[in-house]
Amino acid sequence: MRSPPRFMKPLDKELIRSLAASHQVLITVEEGSIGGFGDHVLHSMALEGLLDTGKVRVRPLVIPDRWGGLEAEHPFSRCLGYLPLLLFCRFIDQASQTEQIDEAGLAPHHIESTALRLLGRHAEILETYNAKEVN
């Protein structure tokens, strides 16, 4: 079931409560990076205790943050006193929006695979992947 919110702020907490009560899986998808809408939803759910029972599994899907180079340093690591982080770096080449969304792991078949994995329906993930390859 798709339940697109109208606005990021103010967050529709009643919708989130309703979805958490009536679904086993809640997946947020955004074409932004980490720290956006999905994080606001998780924060709200945590504050209201909606994650405490383990009844609903939540996954935020976003375009992954990337910093250049294999031994890249996170932009905030120096001011926070952290050592440079070892990161796997991959840049999404210029392409159509559909190709970039697929490369980032945000295409419909990626979302479906995430939901199936969270529901423990692992055999169906392969079927989804094979169907995508045929098309």
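The model shown is predicted, which means the values in this text are computed figures rather than measured ones. (Residues numbered from 1 in each chain as written. Predicted model: local features only at pLDDT ≥ 70, side-chain atom pairs only at ≥ 80, totals over all residues. Heavy atoms only, no water.)

**Quick notes on the confidence of the model for the protein**
On average, residues of the protein score 76 in pLDDT, and 67% of them are at 70 or above. Put simply, helix α3 (residues 77-80) is where the protein has its lowest mean pLDDT, 48, and helix α1 (residues 13-22) is where it has its highest, 93. Low pLDDT, under 50, characterises residues 76-89; the stretch is placed with 19 contacts to residues that sit more than four places away or in other chains. (pLDDT = per-residue confidence, 0-100. Helix = DSSP H or I, 4+ residues; strand = E, 2+ residues; numbered from the N terminus. Contact = heavy atoms within 4.5 Å.)

**Focus on helix α5 (residues 108-118)**
For α5, the complete set of buried residues consists of His109, Ser113, Thr114, Leu116 and Leu118. At the C-terminal side of α5, Gly120 shows a positive phi close to 80 degrees. (Buried < 20%, exposed > 50% of the residue type's maximum accessible area, 1.4 Å probe, protein only.)

**Some points on the nonpolar core**
Counting residues in each nonpolar core, the largest one holds ten residues, listed as Leu11, Ile16, Leu19, Ala20, Leu26, Phe37, Val41, Met45, Val56 and Val58. Breaking this core down by element, the ones donating at least two residues are α1 and α2 (37-47). (Core = buried A, V, L, I, M, F, W, Y, C linked by side-chain atoms within 4.5 Å.)

**Describing the pattern of salt bridges**
Counting across every chain of the model gives three salt bridges. Salt-bridge contacts for Glu48 lead to Arg17; the nearest nitrogen and oxygen are separated by 2.6 Å. Of this pair, Glu48 sits in the loop between α2 and β2 (57-61) while Arg17 sits in helix α1, placing them 31 residues apart in sequence. Taking the relative accessible area as the measure of exposure, Arg17 reaches 31% and is therefore partly exposed. Measuring nitrogen to oxygen at the nearest pair gives 2.8 Å for the salt bridge that ties Arg121 to Glu124. Residue classification places Arg121 among the partly exposed positions, given a relative accessible area of 38%. Given the relative accessible area of 29%, Glu124 is considered partly exposed. By sharing partners, the salt bridges in this structure join Glu14, Arg17 and Glu48 into a single network. (Salt bridge = Lys/Arg side-chain N within 4 Å of Asp/Glu carboxyl O.)

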